[in-house]
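Spelled out, the chains give:
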Amino acid sequence: MAKNYQALWVTKSEDGEFTTAVTECNTDDLPEGDVLVRVAYSSLNYKDMLSTQGHPGVTRNFPHQPGIDAAGVVEACSNAQFKAGDEVIVSGYDLGMSTAGGLGQYIRVPAKWVIPIPTGLTAKEAMAYGTAGFTSALCIDKLLQMGAAPGDGLVAVTGATGGVGVFAVAILAKLGFEVAAATGKPESADMLRGLGAKEVFSRQELLDVNPPLGKPRFAHAVDALGGEYLAKLLTVIDYGGSVSCCGLAASPDLPATVMPFILRDVNLLGVDCVEQPWARKDATWKKLGTDWKLDALDAMVEEITLDSVPEALDKLKNGTVVGRYLVNLK
């Protein structure tokens, strides 16, 4: 039975202008898929802002319902994998890009995109993490796979006040690592220390490093900036250290040399959150609901309604956001 619902709706005019507003939609207009989910919570990500701006690498077809994150309850499923009432998470893959996304009260997706909400997490908590928290967990897991241990020394986190950064700082600190948070927002230093950062420093300090190699400063790092920041960060990683790279907030370019790799045995680890195999996504969400679960999730997000999303997206575009927006669609 078709249902009307509220969603963020992005339209493109004939002259190429994009307009974002909350609109009434109908489930009959959702794409084909195995699972119909009634969305309770979503979150805002940089990619959502790009989608509403018509970035061709994110969304090409309009009108469109964006939102790369969703958590809620299965309303109907065409196979036996899920049943009505199951609480689930959907993130990554094509959600919110070419497929109607989580900034609407309903989505319809393939069953292979759907993850059961693990024991220890609610839908609200899952979307407090969202793609940002999930990505930070993947970054940290890669460091651990390479042998990173709390006794190694400082672990740098760039873009520390962004979505990935705040969770990387908090999870690393929970796991016993000493964290050095790099930020361009000095007014957020107390907040970062409250999350567990031992040290807060200006990201400009990275740009001041003289190539090809600086004095080793960090044992490992999580980088969400890319560009020259990542290139300079690699030159101050200690022998055998690793850097997880998951973002390009500063630039997609990497103006680096091979010196850190061949003289200090440094490892550069790429991290993708979109096309991870289902089993790894499931295992990572389970970590976030158990051993890696943060105690102060509510304090790390600002909860807003769907009507407030356009204004919040403008703040994301202008780079003035600290932390995360949690979107309540109930």
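Residues numbered from 1 in each chain as written. Predicted model: local features only at pLDDT ≥ 70, side-chain atom pairs only at ≥ 80, totals over all residues. Heavy atoms only, no water.

A. The sheet that holds strand β13 (residues 267-270), seen in detail. The six strands are arranged β10-β9-β8-β11-β12-β13 in an open sheet whose pairing can be described as parallel. Bordering the open sheet on either side are β10 (199-202) and β13, each of which pairs with just one other strand. Between one strand and the next, the sheet's axes are offset by a mean angle of 20 degrees, whatever the strand orientation. In this sheet, β10 lies alongside strand β9 (residues 179-183) in parallel orientation, the contact comprising four bridges. Bridge pairing in β10 places A182 opposite F201. In the packing of helix α3 (residues 163-174) onto the sheet, contacts are made with β8 (155-157), β9 and β11 (220-223), and the angle to β8 comes to roughly 160 degrees. (Pairing = 2+ DSSP bridges. Helix = DSSP H or I, 4+ residues; strand = E, 2+ residues; numbered from the N terminus. Axes fitted to C-alpha atoms, helices over the stretch in contact; angles between N-to-C directions. Contact = heavy atoms within 4.5 Å.)

B. Here's a closer look at unusual backbone geometry. Cis geometry is found at the peptide bond from F62 to P63, where omega equals 5 degrees. Mapped onto the secondary structure, P63 falls in the loop between α1 (46-52) and β4 (69-77). The phi angle at Y93 is positive, at roughly 50 degrees, despite the residue not being glycine. One can find Y93 in the loop between β5 (87-91) and β6 (106-109). What makes Y93 buried here is its relative accessible area of 12%. Of note in the backbone geometry, D265 takes a positive phi value of approximately 60 degrees without being a glycine. (Buried < 20%, exposed > 50% of the residue type's maximum accessible area, 1.4 Å probe, protein only.)

C. Examining helix α2 (residues 123-145) more closely. A rise of 1.5 Å per residue sets the reference length of α2, with its 23 residues, at 33 Å; its end C-alpha atoms lie only 28 Å apart and thus fall more than 12% short of the reference. Where α2 bends most, at G130, the angle is about 70 degrees. (Expected span 1.5 Å × (residues − 1). Bend = angle between axes of the 7 residues up to and from the residue.)

D. Spatial organisation of the state of the cysteines. Scanning the entire structure with this criterion turns up zero disulfides. Residue C139 stays outside any disulfide, its sulfur separated by 3.6 Å from that of C246, the closest cysteine. (Disulfide = S-S within 2.5 Å.)

E. View of a nonpolar patch on the surface. The grouping of V258, M259, I262 and L263 at the surface amounts to a nonpolar patch, some 370 Å² of accessible area in total. Among the secondary structure elements, V258 is positioned in the loop between β12 (242-245) and α7 (259-263). (Patch = residues over 30% accessible without salt bridge, like charges linked within 9 Å, V, L, I, M, F, W, Y side chains within 5 Å. Areas by Shrake-Rupley, 256 points an atom, 1.4 Å probe, with all protein chains shown as cover. Salt bridge = Lys/Arg side-chain N within 4 Å of Asp/Glu carboxyl O.)

F. Quick look at the side chain of T158. Within the fold, T158 resides in the loop between β8 and α3. With a relative accessible area of 1%, T158 lands in the buried category. In terms of polar contacts, T158 uses its side chain to reach the backbone amide nitrogen of A224, at 3.1 Å. When near neighbours in sequence (up to four residues on either side) are disregarded, T158 contacts A182, L206, V222, D223, A224, L225 and L233. (Polar contact = N/O pair within 3.5 Å; in protein donor to acceptor, adjacent residues only side chain to side chain.)

G. How the structure looks around the pairing of β12. Relative to β12, β11 runs parallel, the two sharing three bridges. When the bridges of β12 are listed, A221 appears paired with V243. Each parallel crossover has a hand, and the one from β11 via helix α6 (residues 227-234) to β12 is right-handed. Pairing analysis gives four bridges linking β12 to β13, with the strands arranged parallel. When the sheet's bridge partners are listed, C245 is paired in β13 with G270. (Right-handed = clockwise from strand over helix to strand, strands pointing away.)

H. Broad picture of the environment of L254. By secondary structure assignment, the location of L254 is in the loop between β12 and α7. A residue is classified by how much of its surface remains accessible, and L254, at 40% relative accessible area, is partly exposed. Here the alpha-carbon distance between L254 and S308, two residues 54 residues apart in the chain, equals 36 Å. In contact with L254, not counting residues within four places along its chain, are G227, L230, A231 and L268.

I. Quick peek at the packing of aromatic side chains. Applying the stated criterion to the full structure yields six aromatic pairs. Arranged with centres 5.7 Å apart and planes meeting at 15 degrees, the rings of Y93 and W113 form a pair that is stacked. Taken together, the residues span a long stretch of sequence, with Y93 in the loop between β5 and β6 and W113 in the loop between β6 and β7 (114-116) at a distance of 20 residues. Seen in terms of ring centroids, F201 and F218 are 5.5 Å apart; in terms of plane orientation they differ by 25 degrees. Their pairing is stacked. Linking F201 in strand β10 with F218 in the loop between α5 (204-207) and β11, this pair joins segments that are 17 residues apart in sequence. Given the relative accessible area of 5%, F201 is considered buried. (Phe/Tyr/Trp six-rings, centres within 6.5 Å; stacked < 30°, edge-to-face > 60°.)

J. Expanded view of the packing of α2 against α3. Their axes nearest at 8 Å, the elements α2 and α3 cross at an angle of 55 degrees. The orientation of α2 with respect to α3, classified from their angle, is oblique. Read as a crossing pair, α2 and α3 show a hand that is right-handed. Here α2 contributes A128, Y129, A132, G133, T135, S136 and I140 to the contact with α3, which in turn contributes G163, V164, F167, A168, I171 and L172. Split into classes, the residues belonging to the contact of α2 with α3 amount to nine nonpolar, four polar and no charged. (Parallel < 35°, antiparallel > 145°, perpendicular 65-115°, else oblique. Left-handed = near helix turned anticlockwise from the far one by under 90°. Nonpolar A, V, L, I, M, F, W, Y, C, P; charged D, E, K, R; others polar.)

K. Geometry of the nonpolar core. With 50 residues, the main nonpolar core has Y129, V157, F167, V169, L172, W285 and L294 as its most contacted residues. For this core, the secondary-structure elements that each account for two or more residues are β3 (35-43), α2, β8, α3, β9, α4 (189-195) and α8 (278-289). Ranked by residue count, the leading element in this core is α2, at eleven residues. If you look at the next biggest cluster of nonpolar residues, it comprises 32 residues, including L8, L44, L306 and Y325. (Core = buried A, V, L, I, M, F, W, Y, C linked by side-chain atoms within 4.5 Å.)

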